[in-house]
Amino acid sequence: MNAAEQHDNFSQTELDKFNALANRWWDPEGPQKALHALNPARLGYVRDRTTLRGARVLDVGCGAGLLSEALAREGAQVTAIDLAPDLIKIAKLHRLESGVEVDYRLTPVEALADEMPAGFDAIVCMEMLEHVPDPGAIIAACATLLKPGGRLFLSTLNRTPAAFALAIVGAEYVARLLPKGTHQYRDFIKPSELGAWLRAADLELEDVSGLIYDPLRHSARVGGRTDVNYLACAVKP
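This one's a predicted model, so the numbers in the text were calculated from it and none came from an experiment.

### A word on the pattern of salt bridges
Turning to step 1, where the next piece is worked out: Within the structure shown, the criterion is met by 15 salt bridges.
Turning to step 2, where the next piece is worked out: Note that aspartate 27 and arginine 24 form a salt bridge whose closest N and O atoms lie 2.8 Å from each other.
Turning to step 3, where the next piece is worked out: Several salt bridges converge on common partners, so that one network encompasses Asp103, Arg105 and Glu115.

Put into structure tokens, the structure is as follows:
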């Protein structure tokens, strides 16, 4: 039994979906175009709230390493994990091209929590919670992995009519910014639900901010409405 099977908090359908996108993950005009636009805003949110230079940072659900490499360029020592083998393979290949050092691992966050408790100054988990069966278990594992005083950064989609209209109908079917079926509305997460999982993991919610994507300008910014995409920051006391 491998580590992923021991900690089966994943959907094989979701993994297959993301594996299929692996080859064009780093193409700024490819299926992950929106993710490329979100990346500077996500990085800025993290950088504004924690010191990255010299910090040990974990990227949970790293995909092919967009945010992982950006964090490493800021001087962080980055460990990045995912359960999609094709994505980890592409991430390692891109590391050879970019020369940006990231420790990529094909492992569940729950297994890493057993191995490295209190091992990280900061953890990022972006656009991932809405793709797993038990988001609360992911947050609990992240809490175990954080040092006291460490921060957890999350981004996800709010379960609102606006998010359904923009993230699914607009992005997947009208503008075709994302492959059809990327998101399931039932799996979107209200900030109140996220807050409850954080409290259950003994983490203190510090901030919730909107993450606004402008498809016309192909850019993103932090702030404003939280009814579609939003970011959150929590601290381990």
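After that view of the structure, there is still more to cover.
### A few points about the nonpolar core
Nonpolar side chains in soluble globular proteins tend to be buried together.
Turning to step 1, where the next piece is worked out: By size, the foremost hydrophobic cluster in this structure holds 31 residues, and its most contacted members are Leu71 and Phe153.
Turning to step 2, where the next piece is worked out: Take this core: its biggest share by element is 7 residues, from helix H3 (residues 33-47).
Turning to step 3, where the next piece is worked out: With sequence-adjacent residues up to four places away left out, phenylalanine 153 is seen in contact with Tyr45, Val46, Arg49, Thr50, Ala122, Ile123, Val124, Cys125, Met126, Ala232 and Cys233.

### Things to note about the environment of serine 219
Turning to step 1, where the next piece is worked out: Relative to the helices and strands, serine 219 resides in strand E7 (residues 219-222).
Turning to step 2, where the next piece is worked out: Serine 219 sits 188 residues away from proline 31 along the chain, and the two C-alpha atoms are 15 Å apart.
Turning to step 3, where the next piece is worked out: Setting aside residues up to four positions removed in sequence, serine 219 forms contacts with Ala37, Ile212, Tyr213 and Asp214.

### Describing the pairing of strand E4 (residues 120-126)
Turning to step 1, where the next piece is worked out: Counting buried positions along E4 gives 6 out of 7 residues, so the element sits mostly inside the fold.
Turning to step 2, where the next piece is worked out: Relative to E4, strand E1 (residues 56-60) is paired through 3 bridges, and the arrangement is parallel. Bridge assignment links valine 57 to a residue of E4, and that residue is alanine 122.

Definitions and cut-offs
Residues numbered from 1 in each chain as written. Predicted model: local features only at pLDDT ≥ 70, side-chain atom pairs only at ≥ 80, totals over all residues. Heavy atoms only, no water. Salt bridge = Lys/Arg side-chain N within 4 Å of Asp/Glu carboxyl O. Core = buried A, V, L, I, M, F, W, Y, C linked by side-chain atoms within 4.5 Å. Buried < 20%, exposed > 50% of the residue type's maximum accessible area, 1.4 Å probe, protein only. Helix = DSSP H or I, 4+ residues; strand = E, 2+ residues; numbered from the N terminus. Contact = heavy atoms within 4.5 Å. Pairing = 2+ DSSP bridges.

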